[in-house]
Amino acid sequence: MKLDNKGWGLQELLVGIGILLFCLLLIVSLINQNFRKLSESMGNNSTNNSTVQKRPIQNEEKEYTSYKDIETAMKKAAREYNEAIYGDELQEDDNITVTVKSLIRDKYIEPIHDIKDSKVTCSGYVTFIKERNKVTYSPYLKCGSRYTTKGYLERLDAEIE
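In this text the structure is predicted, and so the values were computed from the model without any measurement. (Residues numbered from 1 in each chain as written. Predicted model: local features only at pLDDT ≥ 70, side-chain atom pairs only at ≥ 80, totals over all residues. Heavy atoms only, no water.)

1. Brief notes about the confidence of the model for the chain
Moving on, step 1. Here the chain averages 82 in pLDDT, and 81% of its residues register 70 or above.
Moving on, step 2. Across residues 45-52, confidence stays below pLDDT 50; counting only partners more than four residues off in sequence or on other chains, it has 10 contacts.
Moving on, step 3. Contacts from residues 56-60, a stretch scored under 50 in pLDDT, to residues over four places away or in other chains number 6 contacts. (pLDDT = per-residue confidence, 0-100. Contact = heavy atoms within 4.5 Å.)

2. Comments concerning a nonpolar patch on the surface
Moving on, step 1. A contiguous nonpolar surface patch, about 680 Å² in accessible area, is contributed by L10, L13, L14, I17, L21, L24 and V28.
Moving on, step 2. Topologically, I17 is positioned in helix α1 (residues 10-45). (Patch = residues over 30% accessible without salt bridge, like charges linked within 9 Å, V, L, I, M, F, W, Y side chains within 5 Å. Areas by Shrake-Rupley, 256 points an atom, 1.4 Å probe, with all protein chains shown as cover. Salt bridge = Lys/Arg side-chain N within 4 Å of Asp/Glu carboxyl O. Helix = DSSP H or I, 4+ residues; strand = E, 2+ residues; numbered from the N terminus.)

3. Some points on the packing of aromatic side chains
Moving on, step 1. For the structure on display, the rule yields 6 aromatic pairs.
Moving on, step 2. Residues Y67 and Y147 carry aromatic rings whose centres are separated by 4.2 Å and whose planes lie at 5° to one another, so their mutual orientation is stacked. Of this pair, Y67 sits in helix α2 (residues 67-85) while Y147 sits in strand β4 (residues 147-148), placing them 80 residues apart in sequence.
Moving on, step 3. When its relative accessible area of 9% is taken as the criterion, Y67 is described as buried.
Moving on, step 4. The class for Y147 is partly exposed, based on a relative accessible area of 23%.
Moving on, step 5. Ring geometry for Y86 against F128: centres 6.2 Å apart, planes inclined by 70°, an arrangement best described as edge-to-face. (Phe/Tyr/Trp six-rings, centres within 6.5 Å; stacked < 30°, edge-to-face > 60°. Buried < 20%, exposed > 50% of the residue type's maximum accessible area, 1.4 Å probe, protein only.)

4. Considerations on the state of the cysteines
Moving on, step 1. Using the criterion set out here, one finds 1 disulfide in the structure.
Moving on, step 2. Bridging C122 to C143, the disulfide has an S-S length of 1.9 Å. Taking the sign of the torsion about the S-S bond as the criterion, the disulfide between C122 and C143, at about 110°, is right-handed. Taken together, the residues C122 in the loop between α3 (100-105) and β2 (123-131) and C143 in strand β3 (residues 134-143) connect sequence positions 21 residues apart.
Moving on, step 3. You can call C143 buried: its relative accessible area is 0%. (Disulfide = S-S within 2.5 Å.)

The following block contains the structure:
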């Protein structure tokens, strides 16, 4: 058997293995990066209670002087909710409804009581829609039989489990 220089030697073999290892590391890095992005996007879009970060309410239960004040507080809470849950991922023409019960549960607002009878607990919801890169918030409040915002729909006030 005669040996000649027409085959691969140790040096070429090591260079080939080095190139393969580099490619393998690059592929693993890209896959890891894509899974991390996927995981982050799924975590931000989820409305599962375990992933929703509940924030502490700053003030004690607030005494409102008018129903308009309550609706303004509902809009503020919905704006904070939108920023925390959807952020920049809210798409054009997305129409979202969040109930007061959800805002209370996630600590964006305290329970709301009727301004004329503190024994009556109010309910309601806020709808928000993104149009032309601007988000519009519309609160709908129901305080017993004393006050109901015009356009209020009972079916949107029901909490979906």
